[in-house]
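A look at the structure
Below, each chain spelled out in residue letters.
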Amino acid sequence: MSSFDLDPDALRRLGRLATEIVARRRETLLERPVFGKVGEARALFEAPLPEQGRPVEDVLAHVERDVLSRPFGNSHPRFFAFINATADPVGVVADYLAADTNSNCWGGDHASIHVEKLVVRWLAEIVGLPATAEGIVTSGGSMANFTALAAARRAKTPWDVREEGAAAEGRPRIVVYASDQVHNCVDKSVDLLGLGFKYLRKIPTDDGFRMRLDRLRAAIAADRAAGLQPAIVVGNAGTVNTGAIDALDAIATLCAEEGLWFHADGAYGGMAAISERLRPLFAGLERADSVAADPHKWMYVPFSAGATLVRDPGRLAETFRRPAEYLIHDAESPVNGPVSFNDRGPELSRGFRALKVYMGLLVHGRRAYAEAVERDCDLAGHLARAVDAHPDFERLAEPVLSIVNFRYRPKDTALDDVALDALNQRIVNGLVASGGFFPAPTRLKGRASMRVCIVNFRTTPADLDALVAEAAAIGRSLASA
Ligand SMILES: Cc1ncc(COP(=O)(O)O)c(C=O)c1O
């Protein structure tokens, strides 16, 4: 037997060792710092290429002691940065099982393709798209947006953009519209699709950080007057900064009137439409031509899994299909399956990411996800009230979903905005360095904010009360110094 292979008993032993590590990590989660900074220990990761192997037990011991002990921290109940969820243990197991089959999910009549097709249908149902919608599970929200925008570019360029390219001679440039709160993956997509940052209009937002539709209308009219080709509007179904949800229904109407593609970035918020209580916030999402979803955010599946969902069947294949002689095109091949995912995105070889979404939904059911998402939003409400009740904090945005933005502003010390920005940045750094908490900094309408995002079924109200107390203590000591 090859030294790479293991017999079933050896596999059982190895699996048990790995399972023990996972369970020990869960047992000791609260005793460890939230953020596992490497710092001075970086020499651990500068070893030369190993010529000879070591027993797997030794390697597991090294990995547990030196690597797994220094995580990013998002499985900890006091991790609140970015939009990084705590991993559902069901998804962790699913990833292990998916890796074991190692099925290549480009297409074919094997079960993983049927599972991914079904997962896409379920996700489309959650965001309100019709049962005929198509899609693909992606590596995350960035690729979900990119894939959807590629389809939008293909559909809305008035010539064959795949043949001629995006900047064809004698043709008008196509223009993309999004709010000034849009995630930078949309900027990157515009760049990679050859559209050019110059043709991405960042529309100003109102006091609630929602795209101003009067300004959107004016920008479209100005571009038409200038001989450009307005093509795509990206609406936010939950912005990364504040969770603001654009007026999706009005954007859908405008896009229908103007003949534009309406793409909704639901990477953060889209999955919250699973809740009947929250769904009214997303009115109009069901009218989108495409939606970016991201189960590794608010469905708590381990990194990584996002999803592109497209209303009209065939749009993705028109965008990505590229036959090649070494791929299967024989109509009589027994390999042929229900979907060629290779035709729906840029990747050929793809892992079985859909399994963790599938197993999660089967184990927990829709209702449990709805309750978990609602609970995260209620926790954000709890934090907002705690901030409001404290004389030395000021809230910088209304929480729409599960994000709270605030800053320390001591009532007895007069500080200008520049000093407040620096102070709040240092409070965030102090919280992370303490090992106790991990919020993230951002800027809102020019002011530095402490941003807390809760996509974490382990967080409790006590964790948030402790955060407020610790932020105030650090703020007081910095302000007095
Ligand atoms: C609104 C929004 N869109 C897109 C993304 C990018 O998603 P990912 O990090 O999964 O690539 C994020 C990430 O936070 C996001 O919040």
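Residues numbered from 1 in each chain as written. Predicted model: local features only at pLDDT ≥ 70, side-chain atom pairs only at ≥ 80, totals over all residues.

Description of the overall build of the protein
Condition: Only runs of H or I of at least four residues qualify as helices and only runs of E of at least two qualify as strands under DSSP, and these elements are numbered from the N terminus. C-alpha atoms define the radius of gyration, and 2.2 Å times the number of residues to the power 0.38 defines the globule rule. Residue burial is a threshold on neighbouring C-beta atoms within 10 Å of the residue's own C-beta, all placed from the backbone, with 20 or more meaning buried, 12 or fewer meaning exposed, and counts in between meaning partly exposed. Working definition of a contact: two residues with C-beta atoms, positioned from the backbone, lying within 7 Å.
Each helix and strand counted, the protein has 14 helices and 11 strands in total. Over its C-alpha atoms the protein spans a radius of gyration of 24 Å, differing by no more than 12% from the 23 Å that the globule rule assigns to 481 residues. Based on the C-alpha atoms only, the size of the protein along its principal axes is roughly 70 × 65 × 45 Å. Buried residues in the protein amount to 44% of all 481 residues. Within the protein, contacts between residues at least 6 apart in sequence are counted, and of these 74% link residues at least 24 apart.

Overview of the environment of A471
If you trace the backbone, A471 turns up in helix α14 (residues 461–480). When the 26 C-beta atoms within 10 Å are taken as the criterion, A471 is described as buried. Taking C-alpha positions, A471 is 29 Å from P302, a pair spaced 169 residues apart along the chain.

Here we look at the site of the ligand
Our working rule: By convention here, the C-beta atom is placed from the backbone, and a residue is near a molecule or strand when that atom is within 6 Å of it. Just so you know the grouping, Ala, Val, Leu, Ile, Met, Phe, Trp, Tyr, Cys and Pro go in nonpolar, Asp, Glu, Lys and Arg go in charged, and all remaining residues, Gly too, go in polar.
Taken together, 15 residues are adjacent to the ligand, and G140, G141, S142, V240 and A267 come closest. If one sorts the elements of the shell around the ligand by residue count, helix α5 (residues 141–156) sits on top with three residues. Its residues assigned to classes, the shell around the ligand comprises six nonpolar, seven polar and two charged.

Let's talk about the environment of R13
Within the secondary structure, R13 is located in helix α1 (residues 8–27). A C-alpha to C-alpha distance of 52 Å links R13 and R162, two positions 149 residues apart in sequence.

Digging into α1
Filter applied, for reference: For a helix, the expected span equals 1.5 Å multiplied by the number of residues minus one.
Between its first and last C-alpha, α1 extends 28 Å over 20 residues, near the 28 Å set by a 1.5 Å rise per residue. The element α1 is largely exposed, with a buried count of zero among its 20 residues.

What about unusual backbone geometry?
Cis geometry marks the peptide bond from F303 to S304, where omega comes out at 0 degrees. Mapped onto the secondary structure, S304 falls in the loop between α10 (295–298) and β7 (306–310). At N102, a residue that is not glycine, the phi angle is positive and equals roughly 50 degrees. Following the sequence through the fold, N102 ends up in the loop between α3 (89–101) and α4 (111–127). Given 8 C-beta atoms within a 10 Å radius, N102 is considered exposed. Even without being a glycine, K445 presents a positive backbone phi close to 45 degrees. Looking at the element boundaries, K445 is found in the loop between β10 (440–444) and β11 (447–453).

Here's the deal with the domain arrangement of the protein
To keep it simple, the criterion reads: Each domain's extent was defined by an automatic or database domain assignment.
Taken domain by domain, the protein consists of domain 1 (8–31 + 37–70), domain 2 (103–350) and domain 3 (370–480). On a C-alpha basis, the centroid separation for the pair domain 2 and domain 3 is 32 Å. Tallying the contact residues gives 19 residues for domain 2 and 16 residues for domain 3.

Let's talk about the sheet that holds strand β9 (residues 403–408)
Cut-off, in case you're wondering: In this description, strands pair whenever DSSP reports at least two bridges between them. Here the axes come from fitting lines to C-alpha atoms, over the contacting stretch only for helices, and the angles between their N-to-C directions go from 0 to 180 degrees.
Strand order in this open sheet of four strands is β8-β9-β11-β10, and the pairing throughout is antiparallel. Taken across any chain shown, the strands that pair with only one partner, and hence form the sheet edges, are β8 (393–395) and β10. Averaged over all neighbouring strand pairs, the angle between strand axes comes to 45 degrees, with direction disregarded. Against the sheet, helix α12 (residues 354–389) makes contact with β8, β9 and β11, and its axis sits at roughly 15 degrees relative to β9, the strand it touches most. Of the strands in this sheet, β9, β10 and β11 touch helix α13 (residues 417–433), which is tilted by about 30 degrees from β11.

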